[in-house]
Amino acid sequence: MMSRISGNQTGKETNSFRKEWKFSEILAERGVRERWEKVRKYFFLRESTYDMSNRCNIRCEGCYYYEGDKQFAAENKNPDSWRRLMQAEKARGITYVVLAGAEPSLAPDLCRICFKEFPLGSIATNGLKAIPADINFKIHISVWGNDDTSARVRSAKNMLIRQIENYRGDPRAVFVYTFTSNNIDQVHEVAAILAEHGCKLTFNVFSAPVGYRGDLRHTPETLGETRKAMMDLLTAYPGNVLFSPYNAVAHTHRKGLHDLYGCSYPRRNASTDIGLGRSFRQYRTDLNWDRAAACCVPDTDCDDCRHYAAGSAVVTARMFRHAGDPQTFKSWLDYVDTYLSVWVMDYHKGANLSDRMAAPPENEIF
Amino acid sequence: MPMKTNIEEIILHVARVMIDELKLEDITPEGFDPDIDLVDEIGIDSMDLATVALVLRDHYAIRIEEDDYPKLTNVRLIAEYIEQKLSEKSVAAAN
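An account of the accompanying structure is given in this report. Here the structure is a predicted model, which is why all the values come from computation and not from measurement.

**Comments concerning helix α7 (residues 186-196) of chain A**
Owing to its 3.6 residues per turn, the α-helix brings residues three or four apart onto one side.
All names here are of chain A.
Logical step 1: The complete set of buried residues in α7 reads Q186, V187, V190, A191, L194 and A195. One face of α7 carries all of its buried residues, which in axial projection span an arc of 160 degrees.
Logical step 2: In this structure, the buried residues of α7 make contact with β6 (138-143), α5 (147-153), α6 (159-167), β7 (173-179), β8 (201-205) and α8 (220-236).
Logical step 3: Two residues or fewer after α7 comes G198, characterised by a positive phi angle close to 70 degrees.

Take a look at the structure:
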């Protein structure tokens, strides 16, 4: 049959005769079958997110939390209210919690209550205040450039070394480097320091909040430079960098995640059909949530969304459309393997099955 | 014993695939209520359904469109969907 090639390096779409693969044939390769069996054990994960405080000890340019109206929700600090919320969440099928905005480390007792109810979860933090060791969630520490840049855009001095001091050797910790349009070159310096201290590193791509007018927003050129830096570091620090070539493609594509894959979060998926659109909620600090805003990073401009947290749900949910040929499916498996290693305690990433970039289904490579 | 209709065979096969792929315990294909809501009563999610859909795609050599997932809320509806696709395929082949 005539069909489009969707997995070449050049991104050129050509018409040619192509084998139509069965799923069983794709899984026939031993390494693929093993990785599939490894990741599918985690298909039970169903997330929701929770703002733990409306305070933060630093203020960063482009911060998602301080956009929109969620920042104005009152803080509910009542432990019983949080415990009841967590129990209700469990009862409706949630299996994974993401504790976020504005700064969860300022509400450790509430984080602890969440952990006692949910064995699986993660905390997004700026890393300046250590989260107690008994809260055994993955901890995502945000890095927005080298220390000079952090001092400028986050008003925090010696940020990286303070983050490392708090989390060196901590198996919970993953450093998340957010590529903006003007910190791309600095990632090499940051990655070298993190690798020297044995820290794990993954990548995020700045996704502009709605109405953002600053200079951090990416252009096609900076997305290309970001992709190259990601691939270079994947090669340079394979033991430290949790990423894959397909992650690089998905998050630095000219099209955002919604255009590439169809975002399944309630904010863009108004239906209550099976999947994330049905189960995901994003709770504010007053323990209310708004279906029209519910998204892993609310107030992001959806057309510009390349956020790592969004991709972790949006790309992984699109298994079916990646199961058309072995190369694309391997790339998807690498993405899922990466996502699980970043988000799930005691899950260890394997070697990537594919060392080359594949185009997202029905799209060009860039 | 009366001969099973084609839809009954498909229902049994879909139920077997569900049980095998999703490792459902304490249930046989024959005991699988084809009208039970897969999402609300069994807890099947979109990833589970995608897995089952890929295996069924292989077995019946038909396309199961991702956009059609929301319609496939129980085993009977999946079986009827497959039957419809098989019918369209045989008509296309005859032409």
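**Quick notes on the nonpolar core**
Logical step 1: Residues A:Y50, A:W82, A:F175, A:F203, A:F329, A:W332 and B:M18 are the most contacted members of the largest nonpolar core, which totals 137 residues.
Logical step 2: With residues up to four places along the chain from it excluded, the contact list for A:F329 reads A:F23, A:I26, A:L27, A:V32, A:W36, A:M319, A:H322 and A:A323.
Logical step 3: The next biggest cluster of nonpolar side chains, apart from the first, holds five residues, and it includes A:I58, A:C60, A:L128 and A:M159.

**Considerations on helix α1 (residues 6-22) of chain B**
Residues and elements named next belong to chain B.
Logical step 1: With 17 residues, α1 extends 24 Å from end C-alpha to end C-alpha; this agrees with the ideal 24 Å at 1.5 Å per step.
Logical step 2: Of the residues making up α1, those classed as buried are I7, I10, I11, L12, H13, V14, A15, V17, M18, I19 and L22.
Logical step 3: Tucked inside the fold, the buried residues of α1 contact α2 (46-60) and α3 (75-94).
Logical step 4: Immediately beyond the C-terminal end of α1, within one or two residues, lies K23, with a positive phi of roughly 50 degrees.

**Brief notes about the pattern of salt bridges**
Residue and element names in this part refer to chain A.
Logical step 1: A full pass over the atoms with the stated rule returns 30 salt bridges over all chains.
Logical step 2: For E37, the salt bridge goes to R40, with nearest N and O atoms at 3.7 Å. Of this pair, E37 and R40 both sit in helix α2 (residues 30-40), separated by three residues, roughly a single helical turn.
Logical step 3: On the basis of relative accessibility, which here comes to 13%, the residue R40 falls in the buried class.
Logical step 4: In this structure, the salt-bridge partner of D109 is R112, at a minimum N-O distance of 3.1 Å. Of this pair, D109 and R112 both sit in helix α4 (residues 108-117), three residues apart, which is roughly one turn of that helix.

**Structural notes on the packing of helix α3 (residues 79-91) of chain A against α4(A)**
Any two packed helices are characterised by the angle at which their axes cross and by the distance between the axes.
Residues and elements named next belong to chain A.
Logical step 1: Following both chains from N to C, one finds α3 and α4 inclined at 30 degrees, their axes separated by 9 Å at the closest point. Here α3 is positioned roughly parallel relative to α4, judged by the angle of their axes. The handedness of the crossing between α3 and α4 is right-handed. Across from P79, W82, R83, M86, Q87 and K90 in α3, the residues of α4 making contact are L110, I113, C114 and E117.
Logical step 2: Of the residues contributing to the contact of α3 with α4, the split by class is six nonpolar, one polar and three charged.

**Considerations on the interface of chain A and chain B**
Logical step 1: On the chain B side, the residues contacting the 22 residues of chain A number 22 residues.
Logical step 2: Both faces considered, chain A and chain B share a buried interface measuring about 2,000 Å² in area, 55% of it formed by carbon and sulfur atoms.
Logical step 3: Run the count over chain A and chain B and you get five salt bridges.
Logical step 4: The residue A:R40 makes a salt bridge to B:E21 at a minimum N-O spacing of 3.4 Å.

**Let's talk about empty space enclosed by the protein**
Residue and element names in this part refer to chain A.
Logical step 1: Across all of its chains, the model carries three cavities of 30 Å³ or more by this definition.
Logical step 2: There is about 110 Å³ of room inside the largest cavity.
Logical step 3: Of all the secondary-structure elements, those providing two or more residues to the lining of the largest cavity are α10 (257-261) and α12 (308-314).
Logical step 4: Here the lining of the largest cavity is built from residues that sort into nine nonpolar, two polar and two charged.
Logical step 5: One number sums up the size of the second largest cavity: a volume of about 80 Å³.
Logical step 6: Residue lining of the second largest cavity: T202, F203, F243, N247, H251, Y308, S312, Y335, T338, Y339, V342 and W343, and that is the complete set.
Logical step 7: Elements represented by at least two residues in the lining of the second largest cavity include exactly β8, α9 (245-252), α12 and α14 (326-343).

Rules and cut-offs
- Residues numbered from 1 in each chain as written.
- Chains lettered and ligands numbered in written order.
- Predicted model: local features only at pLDDT ≥ 70, side-chain atom pairs only at ≥ 80, totals over all residues.
- Heavy atoms only, no water.
- Buried < 20%, exposed > 50% of the residue type's maximum accessible area, 1.4 Å probe, protein only.
- Helix = DSSP H or I, 4+ residues; strand = E, 2+ residues; numbered from the N terminus.
- Arc of directions from axis to C-beta.
- Contact = heavy atoms within 4.5 Å.
- Core = buried A, V, L, I, M, F, W, Y, C linked by side-chain atoms within 4.5 Å.
- Expected span 1.5 Å × (residues − 1).
- Salt bridge = Lys/Arg side-chain N within 4 Å of Asp/Glu carboxyl O.
- Axes fitted to C-alpha atoms, helices over the stretch in contact; angles between N-to-C directions.
- Parallel < 35°, antiparallel > 145°, perpendicular 65-115°, else oblique.
- Left-handed = near helix turned anticlockwise from the far one by under 90°.
- Nonpolar A, V, L, I, M, F, W, Y, C, P; charged D, E, K, R; others polar.
- Buried area = accessible area lost by both parts, 1.4 Å probe.
- 1 Å grid on protein atoms, 1.4 Å probe; cavity = no way out; pocket = protein on both sides within 12 Å on 5 of 7 lines; lining within 4 Å.
- Points joined across faces, edges and corners; volume = space filled by probe spheres on them.

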